[in-house]
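Summary of the model geometry
Now for the letters of each chain:
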Amino acid sequence: MSGTPSPDKLPVGIFLSGRGSNAATLIQAAADPAYPARIALVISDRPEAPGLAHATAAGIPTWVRPWRRAQREDWEADADGALRQAGVGLIALAGFMRLFSPWMIQQWPQRIINIHPSLLPAYPGLETHARALAAGETEAGCSVHWVDAGMDTGPVIDQVRVPILADDTAETLAARVLVEEHRLYPRVLSAVAQTLRA
Ligand code: GRF
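Residues numbered from 1 in each chain as written. Predicted model: local features only at pLDDT ≥ 70, side-chain atom pairs only at ≥ 80, totals over all residues. Heavy atoms only, no water.

A word on unusual backbone geometry
Rule in force here: A run of H or I in DSSP becomes a helix once it reaches four residues, and a run of E becomes a strand once it reaches two; helices and strands are each numbered from the N terminus. Residue burial is assigned from relative accessible area. The probe radius is 1.4 Å, only protein chains are included, and a residue is buried under 20% of its type maximum, exposed over 50%, and partly exposed in between.
The step from Leu120 to Pro121 runs through a cis peptide bond, and the omega angle for that step is 15°. Despite not being glycine, Tyr123 has its phi angle at roughly 55°, a positive value. Tracing the backbone shows Tyr123 in the loop between strand E5 (112-116) and helix H5 (128-134). Tyr123 gets classed as buried once you look at its relative accessible area, which sits at 18%. Phi is positive for Glu127, close to 55°, though the residue is something other than glycine. Its place among the elements puts Glu127 in the loop between E5 and H5. A relative accessible area of 59% places Glu127 in the exposed class.

In structure tokens, the structure reads:
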């Protein structure tokens, strides 16, 4: 994967803060020569994020800087510079636990996607599975959406429904939804990359 980049693949920058299982599935999918995107850079706001190991193992460059609320503008400006330098044409958020400023959103119009573990617009934000269970929902799921300045509010591109079982806990539901996230995100990234390349 770290060989000569293919010119017809869309370079993608992944942002992550933690485990990075979705990032891993995107990296794995993009290793297929027929996949229309390649992962050009992985960015994290947490040096200790376990997900960074997936990038390193695949020979993908990383850009890592601890996030300081008061220095968000500098963090974003420098991350933006790193993305430009890597030739990135699309940002894929994968468990990135920060909200971009309106400035960052404006730098990447229709160029940022995110995965969220709920059937958006229902249950944006944190603790989605616990909240869905507490509300007595019978269905959960996951969504990939365009990112705007709000919290998980941009237009949904695609989503997968997951039935809630009678004995589900937030943990068992999260695990079943995660399986679907790992199918959905590579599929949507492929479709978006094909559109942007065209
Ligand atoms: C996933 O559930 C994703 O939908 C949400 O944060 C979680 C990240 O998990 N945005 P991972 O880091 O990809 O394993």
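On we go.
A closer look at the packing of aromatic side chains
The criterion, for reference: Side-chain rings of Phe, Tyr and Trp, where Trp is taken by its six-membered ring, are said to pair if the distance between their centres is within 6.5 Å; with planes under 30 degrees apart they count as stacked, over 60 as edge-to-face, and otherwise as tilted. Criterion for a charge above a ring: Arg CZ or Lys NZ at most 6 Å from the ring centre, at most 35 degrees from the ring normal.
Using the criterion set out here, one finds 8 aromatic pairs in the structure. Counting every residue linked through ring pairs, the aromatic cluster contains Phe15, Trp63, Trp67, Trp75, Phe96 and Phe100. The ring centre of Trp108 lies 4.0 Å from the NZ or CZ of Arg84, which sits over that ring.

Side note on the nonpolar core
Soluble, globular proteins show a tendency: their nonpolar side chains are buried together. For clarity, the threshold we go by: Only buried Ala, Val, Leu, Ile, Met, Phe, Trp, Tyr and Cys residues count toward a nonpolar core, and they belong to the same one when joined by side-chain atoms within 4.5 Å.
Formed by 40 residues in total, the largest nonpolar core has its most connected members in Val12, Ile14, Ile39 and Leu189. With 8 residues, helix H6 (residues 170-197) is the single largest residue contributor to this core. By size, the runner-up hydrophobic cluster in this structure holds 20 residues, among which are Trp63, Ala79, Leu83 and Met104.

Things to note about the environment of Leu26
Topologically, Leu26 is positioned in helix H1 (residues 21-30). We classify Leu26 as buried; its relative accessible area is 0%. Distance in space between the C-alpha atoms of Leu26 and Leu189 is 8.1 Å, their sequence separation being 163 residues.

What to know about the site of the ligand
Here is the rule we go by: Any residue with at least one heavy atom within 4 Å of a molecule or strand is counted as near it. Distance and chemistry together define a polar contact, namely a pair of N or O atoms within 3.5 Å, with one atom able to donate a hydrogen and the other to accept it when in protein, and with adjacent residues in sequence counting only for side-chain atoms on both sides. Each accessible area is a Shrake-Rupley result for a 1.4 Å probe, and residues are judged covered by the shown protein chains and nothing else. A cavity here means a set of 1 Å grid points, computed over protein atoms only, where a 1.4 Å probe fits but cannot escape. A pocket is an open set with protein on both sides within 12 Å along at least 5 of 7 lines, and lining residues have an atom within 4 Å of a point. Any molecule with more than half of its atoms within 2 Å of a cavity's or pocket's grid points is regarded as sitting in that cavity or pocket.
Around the ligand, the neighbouring residues are Arg19, Gly20, Ser21, Asn22, Gly95, Ile115, His116, Pro117 and Glu181. The contact in question runs from an oxygen atom of the ligand to an N or O atom on the side chain of Ser21, over 2.5 Å. Protein chains bury 84% of the 370 Å² of accessible surface belonging to the ligand in isolation. One can see that the ligand is located within the largest pocket. Of all the secondary-structure elements, those providing two or more residues to the shell around the ligand are H1 and E5.

What to know about the packing of H1 against H6
Filter applied, for reference: Helix axes are fitted to C-alpha atoms over the stretch in contact, other axes to C-alpha atoms as well, and angles between N-to-C directions run from 0 to 180 degrees. Relative orientations are named as follows: roughly parallel for angles under 35 degrees, roughly antiparallel for angles over 145 degrees, roughly perpendicular for angles from 65 to 115 degrees, and oblique for any other angle. It is the rotation of the near helix from the far one that decides the hand of a crossing: anticlockwise by less than a right angle makes it left-handed, clockwise makes it right-handed. We call two residues in contact when some of their heavy atoms are within 4.5 Å.
One way to put it is that H1 packs onto H6 with a least axis distance of 9 Å and a crossing angle of 45°. As far as their axial angle goes, H6 and H1 are oblique. The hand of the H1/H6 crossing is right-handed. Packed against H1, whose contacting residues are Ser21, Asn22, Thr25, Leu26 and Ala29, the element H6 presents Leu178, Glu181, His182, Tyr185, Pro186 and Leu189 at the interface.

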